[in-house]
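Report on the structure
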Amino acid sequence: YTKLEVPIYFFLGRHDLNAPTFLVEEYYDILEAPEKKIIWFENSGHSPWINERDKFIEEVISCFLEN
């Protein structure tokens, strides 16, 4: 799908080897949504909720409070 009616947030580890982030960036560019955002975790791979736990929690809460 390239058009969604809900906010979309992508939480990406900058060093993710399992899921190439360029694919998310390409999808993000064509995606239509009322709110969309890529949240980067500069010190993480595929598991930012483990590698950057505090930032992950802050970002998730922030996404929910914005809407």
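Above: the structure in question.
Summary of the structure given here.

Conventions used here
Residues numbered from 1 in each chain as written. Predicted model: local features only at pLDDT ≥ 70, side-chain atom pairs only at ≥ 80, totals over all residues. Heavy atoms only, no water. Buried < 20%, exposed > 50% of the residue type's maximum accessible area, 1.4 Å probe, protein only. Helix = DSSP H or I, 4+ residues; strand = E, 2+ residues; numbered from the N terminus. Pairing = 2+ DSSP bridges. Right-handed = clockwise from strand over helix to strand, strands pointing away. Salt bridge = Lys/Arg side-chain N within 4 Å of Asp/Glu carboxyl O. Phe/Tyr/Trp six-rings, centres within 6.5 Å; stacked < 30°, edge-to-face > 60°. Lys NZ or Arg CZ within 6 Å of the ring centre and 35° of its normal.

**Re the pairing of strand β1 (residues 8-13)**
A regular strand places its side chains so that they alternate between the two faces of the sheet. Summarising burial for β1: five of the six residues are buried, a large majority. Sheet topology places β1 next to strand β2 (residues 36-41); six bridges connect them, and they run parallel. Each residue of the ladder has a partner; that of G13, found in β2, is F41. Handedness of the β1-helix α1 (residues 21-30)-β2 crossover: right-handed.

**Re the pattern of salt bridges**
Within this structure, the stated rule accounts for two salt bridges. A salt bridge links E42 to R14; its shortest N-O distance comes to 2.9 Å. Of the two residues, E42 is situated in the loop between β2 and α2 (48-51) and R14 in the loop between β1 and α1; the sequence distance between them amounts to 28 residues. For E42, a relative accessible area of 38% translates into the label partly exposed.

**Observations regarding the packing of aromatic side chains**
Counting across every chain of the model gives six aromatic pairs. Consider the rings of F10 and Y27, whose centres lie 6.2 Å apart with planes at 85°: the pair is edge-to-face. Of this pair, F10 sits in strand β1 while Y27 sits in helix α1; the two residues are 17 residues apart in sequence, bridging distant segments of the chain. Owing to a relative accessible area of 16%, F10 belongs among the buried residues under this scheme. Stacked on the ring of W40, the Lys or Arg R14 has its end atom at 3.7 Å from the ring centre. The cationic tip of K36 hangs over the ring face of Y28; the distance from NZ or CZ to the ring centre is 4.4 Å.

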